Amino acid sequence: MTEIVLGVGASHSTLMNTHWEETLHKDRAERFRDALGQAREALAAARPDTVILVGSNHFRGFWLDLIPSFTIGVGECVASGESGTPKGPQPVDVPLARHLADSLVEGGRFDVAFSARLQIDHGQSHAIQYLLDGLDVEIVPLVVNVFAPPLPTMERCDQLGRAIREATLAFPEDRRIAVIGSGGLSHRLPWPDWRDPHGDDEEFMVGAWLNGRENWQDYDARRREIIRAAEAAITPEFDDEFLTLVERGQAHRTTAFTTEELEKAAGNGAQELRTWLLMAAVLDHAPGRRLAYEPMPEWLTGMAVAVLDPAPTDERQS
C-alpha cells in the first residue's frame, strides 16, 4: 500500500551558500537554517521511501525555447550545481514517476510534460541539500513554470496536486511518500517579463534565458551581479497571512489570486507559492505547522518552513 506520510514547504536561496558570512541578520538566518534542520528531522522520522519534489526552475534546466507548465522527471535527473548546491545525478523513483505521468495523462485530467533526462537547479536541489541530506530516499522531480509567463493558474496547480494525490494512492507497489514544495515566499527578483524587456540588464536576462541551453554557466556571473544589486521587496504581512492559511489547511484559498494579483501583492518571486500550494493539495490540505518565518533582505526573500502531517490528531499527539 502507498501512503503519503508528510509534506514540507520551504523557501530556498543560494545566497545561504554564497553569502552566509555577509548576512547582517545572522540571527534570522540561523533560525531559518535551524527550521530546515527540524523539517529534515521530521522527514527522517516519517521514513519516506520517495519524495515528490516540487520546485521551480531558474533558467538552468529550462529555457525559452521550450517552457512546459508542468514537467515530471521520469528517468535521469541531474542537478546543475550552481552556487554550492548539489551537482550531478540524483536518484529517481522511475516506476512511481512513470505511473504518475501515465495516470495523469490517461485519466484525461492533465497533459503533463515528461523528461527522461531532466536538469534541475536550486529550485529543487536546495531542498535536496538541506532537507534530504543523509536520507536514503529517491525523488520524483516535478518542475512548475513560475517565471516565464503565461504561468499555470493557482487553481490549476491545486487541481494538479489533487490529481497527483489520487494517482499516488493508486500506485500498486508499497511506498511511503513525502512531498516537498520548494520556493517563495514574498520576494521580487530583478527579472523582466521576457515578452517586453527594458534596458541592457533585462535584454541580457532574456538572452540568457533564450540562448543558455548549451552554455548557461557563461551567463551566471552577470546574472548574479544583477541579482545582488537588487533591492529587497519583502511583504511580511502577506507571508504571515499565507502561512496562517497553510496552518489552517486552507492554502487552496490562494487560488483566488490571478498571476498579476499575486505579483502585485508579494512580488514576482511569490509566483513560487505554486509549489507550496501543489504540495499542500497532495497532502489533501492537512493543517500545517509553521517552523519558521524570517524576512531576509540580504537574500531578497521572506524565508519560511512549514510541515504538514496527514496523521490523525490523536496519532500526531501520541
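Please refer to the structure placed before this passage.
Cut-offs and rules
- Residues numbered from 1 in each chain as written.
- Predicted model: local features only at pLDDT ≥ 70, side-chain atom pairs only at ≥ 80, totals over all residues.
- Heavy atoms only, no water.
- Helix = DSSP H or I, 4+ residues; strand = E, 2+ residues; numbered from the N terminus.
- Rg over C-alpha atoms; globule rule 2.2 N^0.38 Å.
- Buried < 20%, exposed > 50% of the residue type's maximum accessible area, 1.4 Å probe, protein only.
- Disulfide = S-S within 2.5 Å.
- Pairing = 2+ DSSP bridges.
- Contact = heavy atoms within 4.5 Å.
- Phe/Tyr/Trp six-rings, centres within 6.5 Å; stacked < 30°, edge-to-face > 60°.
- Expected span 1.5 Å × (residues − 1).
- Patch = residues over 30% accessible without salt bridge, like charges linked within 9 Å, V, L, I, M, F, W, Y side chains within 5 Å.
- Areas by Shrake-Rupley, 256 points an atom, 1.4 Å probe, with all protein chains shown as cover.
- Salt bridge = Lys/Arg side-chain N within 4 Å of Asp/Glu carboxyl O.
- Lys, Arg positive; Asp, Glu negative; His and termini not counted.
- Charge placed at Lys NZ, Arg CZ, Asp CG, Glu CD.
- Arc of directions from axis to C-beta.

### Examining the overall build of the protein
Part 1 of the reasoning: Regarding its fold elements, the protein presents 11 helices and nine strands.
Part 2 of the reasoning: Against the globule reference of 20 Å for 318 residues, the protein gives a C-alpha radius of gyration of 18 Å, in line with a compact fold.
Part 3 of the reasoning: In terms of overall dimensions, the protein has a C-alpha envelope of 55 × 40 × 40 Å along the principal axes.
Part 4 of the reasoning: The buried share of the protein, reckoned over its 318 residues, is 58%.

### Some words on the state of the cysteines
Part 1 of the reasoning: Tallied over the entire structure, the rule returns zero disulfides.
Part 2 of the reasoning: Free of any disulfide, cysteine 77 has its nearest neighbouring cysteine sulfur in cysteine 157, separated by 19 Å.
Part 3 of the reasoning: Judged by its relative accessible area of 2%, cysteine 77 falls in the buried class.
Part 4 of the reasoning: Classification of cysteine 157 by relative accessible area gives buried; the value is 0%.

### Comments concerning the pairing of strand β7 (residues 175-182)
Part 1 of the reasoning: Along β7, eight of the eight residues are buried, which leaves the element largely enclosed by surrounding structure.
Part 2 of the reasoning: Burial of β7 is two-sided: the residues Arg175, Ile177, Val179 and Gly181 facing one way and the residues Arg176, Ala178, Ile180 and Ser182 facing the other way are all buried.
Part 3 of the reasoning: Pairing geometry for strand β1 (residues 2-10) and β7, over eight bridges, is parallel. Its bridge partner being in β7, glycine 7 is matched across the sheet by valine 179.
Part 4 of the reasoning: The pairing of strand β2 (residues 50-55) with β7 spans five bridges and is parallel.

### So, the environment of leucine 132
Part 1 of the reasoning: Within the element layout of this structure, leucine 132 appears in the loop between α4 (122-131) and β6 (138-144).
Part 2 of the reasoning: We classify leucine 132 as buried; its relative accessible area is 8%.
Part 3 of the reasoning: In this structure, the C-alpha to C-alpha distance between leucine 132 and leucine 43, residues 89 residues apart in sequence, is 8.0 Å.
Part 4 of the reasoning: Residues contacting leucine 132, with those up to four places away along its chain left out, are Leu43, Val51, Ala127, Val137, Ile139 and Ile180.

### Focus: the packing of aromatic side chains
Part 1 of the reasoning: Tallying each qualifying case throughout the model produces 10 aromatic pairs.
Part 2 of the reasoning: Ring geometry for phenylalanine 147 and tryptophan 191: centres 4.9 Å apart, planes at 70°, overall edge-to-face. Of the two residues, phenylalanine 147 is situated in the loop between β6 and α5 (154-169) and tryptophan 191 in the loop between β7 and α6 (199-211); the sequence distance between them amounts to 44 residues.
Part 3 of the reasoning: Exposure remark for tryptophan 191: the relative accessible area of 10% places this residue in the buried category.

### Let's talk about α5
Part 1 of the reasoning: Compared with an ideal rise of 1.5 Å per residue, which puts 16 residues at 22 Å, α5 spans 23 Å between its outermost C-alpha atoms and is within 8% of the ideal.
Part 2 of the reasoning: Buried within α5 we find Met154, Cys157, Asp158, Leu160, Gly161, Ala163, Ile164, Ala167 and Thr168.

### Remarks on a negative patch on the surface
Part 1 of the reasoning: A contiguous patch of negative charge on the surface is contributed by Asp49, Asp136, Glu138 and Asp174.
Part 2 of the reasoning: The exposure class assigned to aspartate 49 is partly exposed, which follows from its relative accessible area of 36%.

### Focus: helix α7 (residues 217-228)
Part 1 of the reasoning: Its 12 residues give α7 an end-to-end C-alpha distance of 17 Å, which sits within 8% of 16 Å, the value for a rise of 1.5 Å per residue.
Part 2 of the reasoning: By the burial criterion, the buried members of α7 are Tyr219, Asp220, Arg223, Arg224, Ile226 and Ile227. An end-on view of α7 places all buried positions within 160° of arc, on one side of the element. Every exposed residue of α7 that faces more than 90 degrees away from the buried side is listed here: Asp218, Ala221 and Glu225.

### A few points about unusual backbone geometry
Part 1 of the reasoning: Cis geometry marks the peptide bond from proline 149 to proline 150; its omega dihedral reads 10°.
Part 2 of the reasoning: Among the structural elements, proline 150 can be located in the loop between β6 and α5.
Part 3 of the reasoning: Residue leucine 185 follows glycine 184 across a cis peptide bond; omega there is 5°.
Part 4 of the reasoning: Inspection of the secondary structure assignment puts leucine 185 in the loop between β7 and α6.
Part 5 of the reasoning: Residues other than glycine seldom take positive phi values, yet leucine 300 does so here, at roughly 70°.

### Quick look at the pattern of salt bridges
Part 1 of the reasoning: For the structure shown, the criterion picks out 17 salt bridges.
Part 2 of the reasoning: Salt-bridge contacts for glutamate 3 lead to arginine 176; the nearest nitrogen and oxygen are separated by 3.5 Å. Pair noted here: glutamate 3 is in strand β1 and arginine 176 is in strand β7, with a separation of 173 residues, a long-range link.
Part 3 of the reasoning: Given a relative accessible area of 33%, glutamate 3 falls into the partly exposed group.
Part 4 of the reasoning: With a shortest N-O distance of 3.9 Å, arginine 223 and aspartate 220 are connected by a salt bridge. Of the two residues, arginine 223 and aspartate 220 both sit in helix α7, three residues apart, roughly one turn of that helix. Comparing arginine 223 with aspartate 220 shows no difference in burial state: the two are buried.

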